Amino acid sequence: MSQAPHKAGFVSIVGKPNVGKSTLMNALVGEKLSIITSKAQTTRHRIMGILNGDDFQIVYSDTPGIIKPQYALHESMMSFVRTSLEDADIILFVTDIYEKHDEDDVIKRLQHAQVPILLLINKIDQATEEEVNEKVAYWQEKMNPTEIHPISALHNFGVEPLFARLMALLPEHPAFYPKDELTDKPERFFVSEIIREKIFLNYKKEIPYSCEVVVEEFKEEEDIIRIRAEISVERKSQKGIVIGHKGEALKKVGTQARLDMEQFFQKKIFLDLYVRVNENWRTDQKLLRRFGYSE
Ligand code: GDP
Ligand code: MG
Ligand code: K
């Protein structure tokens, strides 16, 4: 029996506020991973949702800056574009039927992207066929993206064909995130991703790469979630650095991570974070999988 090659990639969803990015995200991922909100951050992207199939994994993401309204938007849009040029495999540039786009340099940057750009005209349930055709012509002329898809994310119109295009454009690649962790215990996965991000933010050089995070306990109670997580390092000297003078460094990581988790889970978090020396973690299968060396 022949098997289709595994496909995986990052799909960045970008656009102005209120054009329907979150609605589209829900339509694309469905209820399969409702735990994922737009709050969890990773070092690479902000993950909006991950959709796993037997032979594919699509990681939908945006960057934190893009949701800032008004004057900050422009700049964050630019930095998004830079990031997505480096990281995304496919860009979904969401507009809606009402939008008049006036940031020409954003469009120029997107035009220079080395990856496919699918321009989505959302909310077509609110427009006549003629208006939709006008918008298609407008964007064709203005931007000439790889493809243009009129859709209604809210009414699930055009989402299925869009998904088929994503699958066709997705590169052959092993999964980026372990599928079993995502299906069994997605909360733990996001807890460890948040902690990992804070480690990357707070320590220099090789330290972040020497740390592995394991969530030992995740207990949800009525109005608090109790989390115990272990940071494994390879050497005693690294343990000292991670903990810091009088425990200050670890405390900072813990506080930052806790605040993000409270946002993510919309609940009070008690986070018990500790450090352990574990010389062998580099050979740990789970870790190799996480970095995509095996499936
Ligand atoms: P975001 O800020 O880009 O994430 O936009 P949201 O997904 O939060 O949507 C903003 C508003 O537009 C919400 O009130 C949605 O219900 C609405 N919306 C999203 N998609 C559609 C659509 O296809 N048709 C209509 N009529 N409304 C939509
Ligand atoms: Mg949104
Ligand atoms: K997320």
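All of the points below concern the structure found in this document. This is a predicted model, so every value here is computed, not measured.

Reading the values: rules and limits
Residues numbered from 1 in each chain as written. Chains lettered and ligands numbered in written order. Predicted model: local features only at pLDDT ≥ 70, side-chain atom pairs only at ≥ 80, totals over all residues. Heavy atoms only, no water. Helix = DSSP H or I, 4+ residues; strand = E, 2+ residues; numbered from the N terminus. Polar contact = N/O pair within 3.5 Å; in protein donor to acceptor, adjacent residues only side chain to side chain. Contact = heavy atoms within 4.5 Å. Pairing = 2+ DSSP bridges. Axes fitted to C-alpha atoms, helices over the stretch in contact; angles between N-to-C directions. Near = heavy atom within 4 Å. Areas by Shrake-Rupley, 256 points an atom, 1.4 Å probe, with all protein chains shown as cover. Parallel < 35°, antiparallel > 145°, perpendicular 65-115°, else oblique. Nonpolar A, V, L, I, M, F, W, Y, C, P; charged D, E, K, R; others polar.

**Brief notes about the side chain of Asp96**
- By the secondary structure assignment, Asp96 is in strand β4 (residues 90-96).
- In this structure the side chain of Asp96 is engaged in a polar contact, spanning 2.9 Å, whose partner is the backbone nitrogen of Tyr98.
- Among the polar contacts made by the side chain of Asp96, one reaches the side chain of Lys123 at a distance of 3.3 Å.
- Among all residues touching Asp96, those that are not within four sequence positions of it are Asn18, Val19, Ile121, Asn122 and Lys123.

**Describing the sheet that holds strand β9 (residues 268-277)**
- Within the open sheet, the 3 strands sit side by side as β7-β8-β9. Their pairing is mixed. Every interior strand has two partners, whereas the edge strands, β7 (212-220) and β9, have only one. In this sheet, neighbouring strand axes are inclined to one another by 15 degrees on average, regardless of whether the strands run parallel or antiparallel.
- The pairing of strand β8 (residues 224-233) with β9 spans 10 bridges and is classified as parallel. Across the sheet, residue Ile225 finds its bridge partner in β9, namely Ile269.
- Each of β8 and β9 touches helix α9 (residues 236-243); the most contacted strand, β9, lies at about 150 degrees to it.
- Of the strands in this sheet, β7, β8 and β9 are in contact with helix α10 (residues 248-265), which crosses β9 at around 140 degrees.

**Considering the site of ligand 1**
- Near ligand 1 you find 15 residues, and of these Asn18, Lys21, Ser22, Thr23 and Asp125 are the closest.
- Measuring from an oxygen atom of ligand 1, one finds a side-chain N or O atom of Lys123 at 3.3 Å.
- At a separation of 3.1 Å, an oxygen atom of ligand 1 approaches a polar backbone atom of Ala153.
- For ligand 1, the protein covers 72% of the area, taking 580 Å² as the surface of the free molecule.

**A closer look at the packing of helix α1 (residues 21-29) against helix α5 (residues 159-169)**
- Taken N-terminus to C-terminus, the directions of α1 and α5 make an angle of 75 degrees; their axes are 10 Å apart at the nearest point. Judged by the angle between their axes, α1 and α5 are roughly perpendicular. Residues Leu24, Ala27 and Leu28 of α1 touch α5, and the partners they reach there are Val159, Leu162, Phe163 and Leu166.
- Broken down by class, the residue content of the contact of α1 with α5 amounts to 7 nonpolar, no polar and no charged.

**Thoughts on unusual backbone geometry**
- A positive phi angle is found at Asn156, which is not glycine, with a value near 55 degrees.
- When you line up the elements, Asn156 lands in the loop between β6 (147-150) and α5.
- At Lys246, a residue that is not glycine, the phi angle is positive and equals roughly 55 degrees.

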